Amino acid sequence: MVVSAERSTTRPYQASELLEMHRRMLVIRGFEQRVAKLYRASEVPGFVHLSIGQEAAAVGACWPLRSADAITSTHRGHGHCLAKGLEPLAMFAELMAKDQGTNRGRGGSMHIADPDLGIFGANGIVAAGIPIAAGAATAAQMRGDGDVVVAFFGDGAPAQGAFHEAVNLAAVWELPLILFCENNGYAEFSPTRTQLATPLAQRAGGYGIEHVGVDGNDVVATAAAMAGVVDRVRAGSGPVVVEAITYRWHGHYEGDPERYRDPEEVESWKERAPLLVHERRLRDSGIGAEQIQELRSSVAAELDRAVETARQLDVPAPGTLGDFVVRPRPTFPEPPSVPAGDLGIFRTMDAVHDALEVELAADGQVFLAGIDVGEGGNVFGLTRGLRDEFGERVRDTPISETAIVGLGVGAAMAGMRPVVEVMYLDFLGVCFDQLLNQAAKLPFMTGGAAKMGLTVRTQFGAGRSSGSQHSQSLEALLAHIPGLSVVMPSTPADTYGLLRASIQDPNPVVFIENRLLYGMKGPRPPVDHIIPLGSSVVVRPGADVTVVSVSRMVHESVAAAESLASEGISVEVIDLRTVAPLDLEPVMESVARTNRLLIAHEAVVPFGIGAEIAARVAKEAFWHLDAPIERIGAAPTPPPYAPALEQAWLPGREDIAAALRRLAAV
Ligand SMILES: Cc1ncc(C[n+]2csc(CCOP(=O)(O)OP(=O)(O)O)c2C)c(N)n1
Ligand SMILES: [Mg+2]
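Quick summary incoming for the structure in this document.

Cut-offs used in this document
- Residues numbered from 1 in each chain as written.
- Chains lettered and ligands numbered in written order.
- Predicted model: local features only at pLDDT ≥ 70, side-chain atom pairs only at ≥ 80, totals over all residues.
- Heavy atoms only, no water.
- Helix = DSSP H or I, 4+ residues; strand = E, 2+ residues; numbered from the N terminus.
- Rg over C-alpha atoms; globule rule 2.2 N^0.38 Å.
- Buried < 20%, exposed > 50% of the residue type's maximum accessible area, 1.4 Å probe, protein only.
- Contact = heavy atoms within 4.5 Å.
- Areas by Shrake-Rupley, 256 points an atom, 1.4 Å probe, with all protein chains shown as cover.
- Lys, Arg positive; Asp, Glu negative; His and termini not counted.
- Charge placed at Lys NZ, Arg CZ, Asp CG, Glu CD.
- Expected span 1.5 Å × (residues − 1).
- Polar contact = N/O pair within 3.5 Å; in protein donor to acceptor, adjacent residues only side chain to side chain.
- Pairing = 2+ DSSP bridges.
- Axes fitted to C-alpha atoms, helices over the stretch in contact; angles between N-to-C directions.
- Salt bridge = Lys/Arg side-chain N within 4 Å of Asp/Glu carboxyl O.
- Donors = N, O, S within 2.8 Å, 3.2 Å for Na, K, Ca; no water.
- 1 Å grid on protein atoms, 1.4 Å probe; cavity = no way out; pocket = protein on both sides within 12 Å on 5 of 7 lines; lining within 4 Å.
- Points joined across faces, edges and corners; volume = space filled by probe spheres on them.
- Nonpolar A, V, L, I, M, F, W, Y, C, P; charged D, E, K, R; others polar.

Take the overall build of the protein chain next. Along the backbone of the protein chain there are 23 helices and 21 strands. The C-alpha atoms of the protein chain give 28 Å as radius of gyration, which agrees with the globular expectation for 666 residues (26 Å, within 12%). C-alpha extents for the protein chain along the principal axes are approximately 100 × 55 × 45 Å. The proportion of buried residues among the 666 residues of the protein chain is 59%. Sequence separation of 24 or more characterises 81% of the internal contacts of the protein chain that already satisfy a separation of 6 or more. Only carbon and sulfur atoms are counted for the fraction: they give 54% of the accessible area of the protein chain, which is about 25100 Å². Positive and negative charge centroids in the protein chain, built from 57 and 80 side chains respectively, lie 2 Å apart.

Listed below in structure tokens is the structure:
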């Protein structure tokens, strides 16, 4: 492997600094040697990836960082976290699944995090930390406090789309981000040459950003290279790729039989061991063997004590299983019903715009990002004018949904309140990891340490031949993920009140608009109108049958109810307004009176939210039911293009009316 020229200014380090570098590497080495033993003894229950042999890269990379600078790490992240300042005891405790661990025993080796120390998480998903780092860097850039962010990743990660999207975004926005690759020659069992067609240096060139190569087994060379890079990035140079050439001595994971590499190769790298290289330097600078031995002994004693202390700690109580999934929400009283027209009439699209404007004005931590939401004003004109009003807090992004949602995750962890836009609900397919594995799980996996006040706005809607990839109602997919909140308003006033509540909510919220409702008019509420998440509402009282619905289908349900009134059937319509949290109280109360329930949604019927509602009502209101629960939804096919097919697929007021008649007749 060729190590390209170091471009930094190397300054002589003082003996005390050289010793401190050595101490940090000894801590990492000693920590992981003990973890290997604890793992074999089953005291560490989950699998571990050790970075033994790579200590210099971690210590050198973090050497010039301030505590307010952030890092994101990888599945092989113990070294990064220790180098950034984490105490070994807290991490031993986490690996040993103790309640006092860094993540309260909810994360384990692959998820170590301490956002207060700027450690925005090791990550079990290859490359997922890089968009998150771009988000933390966006927060730093917006705050203008000179902080930088380092995204650690392995040589396998640049094959991931998340890498490309995040690096491109960082380059376009000139973010204070250092992309630190630990090139250890292998991605799992595969040599790097089988993973990437071009070297990382060439790829950095493709993004128009600087690449710095460094000997990752030499802590001083790495620290010096990073010092130069950090200075430039702090000063506003934009992102830089640093590639540290190194080698891992252990298998990909503990217990890896390592059939893919020659033991001689491992031995040859041991001759260039980071600790040996640095020890020679210590001796050359006049530090005696006894002093080095003393350091080694004191680190070993400290680590042994930490293991013993961690052993004595408590495991999490099973009764706390549900903790950290959803943060307590701010409480708002249910607002009085919106005065009919006193304050004028507005459209749903105005409601979106106005809620964003009010929240941007109220809280400097709120910002918007998405495709064409800035200069473009959003493809539906929803954010028009906000860029002029709020400048850099309203940003256009590249067409990179993983980077868009990931930057929201990282900025939310940094304490901001990002509102990012995914243009169409169907596009979840290209950024699902950031929602499923990052936004939804990080608060839990970090034992509540990760802030996640993120709002993802998106929209859907069928009936205008938008075809299979621009129509679908996918809320059930999202509501199935513990940790995510899912909001689906039906009226302009609710859109306004619920969007404001979503932005103020400390949990990740997916706010799903229906684009066929954008032009719908309704009474404008007072500016301070806000609706708590998880409050279903009876929008039309009735006595014979209950229909519960959400989003545009609420209006179809009301229309069906009106038409049945002339037939002498009295229908109660309930609007869920939020799918998660799901407030079924008004539904139970209603079914207790009507004894009949229909659930109507635009999503396909199988495994839709109707299944969940039906199961819960069947259990909790079984003795009130006089008829089987019915469901109306789309047919189980992708949304079709031809209007003749789409009409057959899409449920509407006639289908709802027919089902209500059937139920009323039982
Ligand atoms: C998205 C994803 N795909 C696959 C894996 C399984 N996996 C974990 S680590 C790894 C190899 C990563 O190699 P590299 O980036 O070079 O990091 P290293 O292990 O060498 O530190 C793979 C394939 C994963 N965790 N996430
Ligand atoms: Mg690797």
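Next comes the rest of the write-up.
Let's shift gears to helix α8 (residues 219-234). Here α8 is 16 residues long and its end C-alpha atoms lie 21 Å apart, about the 22 Å a rise of 1.5 Å per residue gives. When you tally the buried positions in α8, you get twelve out of 16 residues, the bulk of the element. Of all the residues in α8, the buried ones are Val 219, Val 220, Ala 221, Thr 222, Ala 223, Ala 224, Ala 225, Met 226, Gly 228, Val 229, Val 230 and Val 233. Two to three positions downstream of the cap, the backbone nitrogen of Val 220 sits 3.0 Å from a side-chain oxygen, assigning the N-cap of α8 to Asp 218. A positive backbone phi angle near 105 degrees is found at Gly 236, which sits one or two residues after α8.

A word on the side chain of Glu 165. Of note, Glu 165 is situated in helix α6 (residues 161-173). Among the polar contacts made by the side chain of Glu 165, one reaches the main-chain amide nitrogen of Ala 403 at a distance of 3.0 Å. With near-sequence residues (within four places) excluded, Glu 165 lies in contact with Ser 400, Glu 401, Thr 402 and Ala 403.

Let's shift gears to the sheet that holds strand β2 (residues 149-154). What the five strands build is an open sheet, ordered β1-β2-β3-β7-β6; its pairing is parallel. The outermost strands of the open sheet, each flanked by one partner alone, are β1 (70-72) and β6 (210-215). On average, each strand axis in the sheet is inclined to that of its neighbour by 20 degrees, with strand direction left out of account. The sheet contact formed by β1 and β2 spans three bridges and is parallel. Counted as the bridge partner of Ile 71 is Val 150 from β2. In the packing of α8 onto the sheet, the strands contacted are β2, β3 (177-183), β6 and β7 (240-245), and the crossing angle to β6 comes to about 160 degrees.

Further remarks concern α6. The end-to-end C-alpha distance of α6 is 18 Å, a good match for the 18 Å that 13 residues give at a rise of 1.5 Å each. Within α6, the full set of buried residues consists of Ala 162, Phe 163, Glu 165, Ala 166, Val 167, Leu 169, Ala 170, Ala 171 and Trp 173. After α6 finishes, the residue Glu 174 shows a positive phi value of roughly 55 degrees.

Strand order in the open sheet formed by seven strands is β10-β9-β11-β12-β14-β13-β19, and the pairing between neighbours is mixed. The sheet is open, and its two borders are formed by β10 (394-396) and β19 (578-580), each paired with just one other strand. The mean inter-strand angle of the sheet, taken between neighbouring strand axes irrespective of direction, is 20 degrees. In this sheet, strand β12 (residues 455-460) lies alongside strand β11 (residues 417-422) in parallel orientation, the contact comprising four bridges. Across the sheet, Val 419 pairs through a bridge with Thr 455, a residue of β12.

Position of Ser 268 relative to the elements: it lies in helix α9 (residues 263-270). A relative accessible area of 35% places Ser 268 in the partly exposed class. In this structure, the C-alpha to C-alpha distance between Ser 268 and Gly 118, residues 150 residues apart in sequence, is 35 Å. Reaching out from Ser 268, the side chain makes a polar contact with the backbone oxygen of Glu 265 at a distance of 2.9 Å.

Under the definition given, this model contains 37 salt bridges. Residues Asp 147 and Arg 66 are paired through a salt bridge, measuring 3.1 Å at the closest nitrogen-oxygen approach. Of this pair, Asp 147 sits in the loop between α5 (129-143) and β2 while Arg 66 sits in the loop between α2 (55-62) and β1; the two residues are 81 residues apart in sequence, bridging distant segments of the chain. Close ionic contact of Arg 232 with Glu 210 constitutes a salt bridge, the shortest N to O distance being 2.8 Å. Here the residue Arg 232 occupies a position in helix α8, and Glu 210 occupies one in strand β6, the gap between them amounting to 22 residues. Overall, the relative accessible area of 27% leaves Arg 232 in the partly exposed class. Put simply, Glu 375, Arg 387, Glu 392 and Arg 395 are held in one network by salt bridges that share partners.

Each donor-metal-donor angle in an ideal tetrahedron of four donors is 109.5 degrees, and each such angle in an ideal octahedron of six donors is either 90 or 180 degrees. Here the magnesium ion (ligand 2) is held by the protein donor atoms Asp 155 (OD), Asn 184 (OD1) and Tyr 186 (O), which lie 2.0 to 2.2 Å from it. Going along the chain, you hit the donors of the magnesium ion (ligand 2) in the pattern D-x28-N-x1-Y. Here the residue Asp 155 occupies a position in the loop between β2 and α6, and Tyr 186 occupies one in strand β4 (residues 186-187), the gap between them amounting to 31 residues. Residue Tyr 186 is classed as buried on the basis of its relative accessible area, which comes to 10%.

Tallying each qualifying case throughout the model produces four cavities of 30 Å³ or more. A volume near 50 Å³ is recorded for the largest cavity. Every residue lining the largest cavity is listed: Thr 348, Pro 489, Ser 490, Thr 491, Pro 492, Thr 495, Ile 512, Glu 513, Asn 514, Leu 517 and Tyr 518. Sorting the residues of the lining of the largest cavity by element identifies α18 (492-504) and β14 (509-514) as the ones contributing at least two each. Among the elements that take part in the lining of the largest cavity, β14 stands out by supplying three residues, more than any other. Here the residues of the lining of the largest cavity sort into five nonpolar, five polar and one charged. Looking at the second largest cavity, its volume works out to about 40 Å³. In terms of lining residues, the second largest cavity is bounded by Asn 378, Val 379, Phe 380, Glu 421, Val 422, Met 423, Arg 457, Thr 458, Gln 459, Glu 513 and Tyr 518. Counting residues per element, the ones that place at least two in the lining of the second largest cavity are β11 and β12. The element best represented in the lining of the second largest cavity is β12, accounting for three residues. The class makeup of the residues in the lining of the second largest cavity is five nonpolar, three polar and three charged.

Nothing here speaks to function; it is all geometry.
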